[in-house]
Amino acid sequence: MSVQRALAFVASVTALAGCTAVLGVRDIYLDPSAGEGGVDGGVTPDGSAPPDGSAPDTGPAPTCAGADLQTDAKHCGRCNHDCLGGKCEAGSCKAVLLVPGLDQPVALAVDAQSIYVTQYGSGTIIQTAKDGSSPKPIITGQPNVQGVVIDGQTLYWSNRDFPADGNTRKGGVYKCTLPTCTAQLVSAANFAVNVTKFGDQLFFGGNNESKLYQVKVDGTGRIELDATINKPFGVATDGAHVYFTSQASTFYRVPVGGGALQAMGSAAGPTVGLTVVDATRVYWTTGDKVLGLDKATPQGVPTQYLSGGQDAAGLAVDDANVYWTNYLDADGDLRFCPKVGACTGGGTALAGGMIRPFTITTDATAVYWVEEGLPGAGNGRLWKIAKP
């Protein structure tokens, strides 16, 4: 089932109203019997040449003497590669189920201690420790919450509902101060989606009104960045431009503060996806493709990390890799490819056997994602896995 069909089902409901097979990734295998140096290893305490005239080592390599790199969860595939609570099988870390029984989790954010997850079905945002312990609701009564950002002690989120009217309708972007989290409306919108933040500015789509917005965190200075592209969805910014997916057949960006819309590459039309940026590139998912393009050459030819045969949806990047989810009703999975170099065979699977895995985020050591599950089934889940 495509992401668009799933969103169309949820949208129709809104309009009327208002384990697992986990696939491994083999890391570089280090011989646990390899020597650690010393007189026979060609190194002296001060790094000078040994008396026998052999060349000194440039420095000590990571060691884990006695560890089985095929099964040791603290040294999985290589020394000091910690599986962060997951098992190590055949030199590959396995995924860790953090929180089960969620009601359509569709977005998440992390800070140093916690994970924040939106539940589209129940209109709730939960907070949990990064090991999955002590999950608790921190805000309820937020219909169709889709998008979340954490910045210090302030949480921001977007509700995919009809424009907030101070009563039953709560469409727009909200914020609260943790830990109490009393909702405060920042800006009303018709089906607000996927809020993101840069500096003192928030950016989000008004999906039902086909508008892209910028507004200060205090709710002032709202700008319509675009009102021409059909149903903006995934939104990302680098402080200079706002990049967004939509139901158009083209991926676009627009300058922060307003300006001319600029086409950057192809998109899959009715199938919507997400977008992220790093220092030099922008990445987006669109149907059966995961694409990346240098921001300095917006008319260039995108890199295709995935092309054909899958339903790419969620997206994240770190210094080394591009990660995405394939949003399938059965056997959906999480995959990755190096940002630089060849990406063959549809990427490398990190985890599989899921029902509609969706948004992804990362920190220094782990990849986190939500498995949306089916509407009304309460079978959504929050996962993490150690970075490969």
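Procedures and definitions
- Residues numbered from 1 in each chain as written.
- Predicted model: local features only at pLDDT ≥ 70, side-chain atom pairs only at ≥ 80, totals over all residues.
- Heavy atoms only, no water.
- Pairing = 2+ DSSP bridges.
- Helix = DSSP H or I, 4+ residues; strand = E, 2+ residues; numbered from the N terminus.
- Axes fitted to C-alpha atoms, helices over the stretch in contact; angles between N-to-C directions.
- Disulfide = S-S within 2.5 Å.
- Buried < 20%, exposed > 50% of the residue type's maximum accessible area, 1.4 Å probe, protein only.
- Salt bridge = Lys/Arg side-chain N within 4 Å of Asp/Glu carboxyl O.
- pLDDT = per-residue confidence, 0-100.
- Contact = heavy atoms within 4.5 Å.

Considering the sheet that holds strand S30 (residues 380–386)
In any sheet, the strands associate via hydrogen bonds between backbone groups, in a parallel or an antiparallel arrangement. One open sheet accounts for four strands, arranged S3-S30-S29-S28; its pairing is antiparallel. The two strands at the open ends of the sheet, each matched to only one other strand, are strand S3 (96–102) and strand S28 (357–362). Between one strand axis and the next, the sheet turns by 15 degrees as a mean value, whatever way the strands run. Here S3 runs beside S30; their pairing, made up of four bridges, is antiparallel. What sits directly across from leucine 97, in S30, is tryptophan 383.

Topic: the sheet that holds strand S13 (residues 201–206)
Spatial ordering of the open sheet is given by S12-S13-S14-S15, a layout of four strands whose pairing is antiparallel. At either end of the open sheet lies a strand with only one pairing partner, and these are strand S12 (192–198) and strand S15 (223–226). Strand-to-strand twist in this sheet, taken as the mean axis angle between neighbours without regard to direction, amounts to 25 degrees. As paired elements, S12 and S13 share five bridges and run antiparallel to each other.

Considering unusual backbone geometry
The peptide bond linking leucine 178 to proline 179 adopts the cis configuration, its omega dihedral lying at 10 degrees. Relative to the assigned elements, proline 179 resides in the loop between strand S10 (172–177) and strand S11 (184–188). In this model, leucine 84 sits at a positive phi of 55 degrees, which is unusual for a non-glycine residue. Position of leucine 84 among the secondary structure elements: in the loop between helix H1 (3–17) and strand S1 (88–89). In this structure, asparagine 194 is a non-glycine residue whose phi angle is positive, near 50 degrees. In this structure, asparagine 194 sits in strand S12.

Some words on the state of the cysteines
This structure, assessed with the given rule, holds five disulfides. Across the disulfide from cysteine 64 sits cysteine 79; the S-S distance is 2.1 Å. For the disulfide bridge between cysteine 64 and cysteine 79, the dihedral angle about the S-S bond is near -70 degrees, and by the sign convention the bridge is left-handed. One end of the pair, cysteine 64, is in the loop between H1 and S1; the other, cysteine 79, is in the loop between H1 and S1, with 15 residues separating them in the sequence. Cysteine 79 sits in the buried class, given a relative accessible area of 13%.

Some details on the pairing of strand S17 (residues 241–244)
In summary, the side chains of a regular strand alternate between the two faces of the sheet. Neither face of S17 is exposed, since His241 and Tyr243 on one face and Val242 and Phe244 on the opposite face are all buried. Across three bridges, strand S16 (residues 235–237) lies against S17 in antiparallel orientation. Among the inter-strand pairings, alanine 236 is bridged to a residue of S17, identified as tyrosine 243. Taken together, S16 and the strand that follows it, S17, pair antiparallel across an intervening segment of three residues, in which glycine 239 is found at a positive phi of about 90 degrees. Counting the residues in the hairpin turn of S17 and strand S18 (residues 250–255) gives five residues.

Brief notes about the pattern of salt bridges
Scanning all chains against the criterion turns up twelve salt bridges. Here aspartate 288 and lysine 289 are joined by a salt bridge, their closest N and O atoms 3.5 Å apart. Overall, the relative accessible area of 25% leaves lysine 289 in the partly exposed class. One salt bridge connects arginine 356 with aspartate 329, and the closest N-O pair in it is separated by 2.8 Å. Remark: aspartate 329 occurs in the loop between strand S25 (321–326) and strand S26 (332–338) and arginine 356 occurs in the loop between strand S27 (348–354) and S28; sequence separation between them is 27 residues.

Describing the confidence of the model for the protein chain
In the predicted model, the protein chain carries a mean pLDDT of 86, and the fraction of residues at 70 or more is 83%. Across residues 1–56, confidence stays below pLDDT 50; counting only partners more than four residues off in sequence or on other chains, it has 103 contacts.

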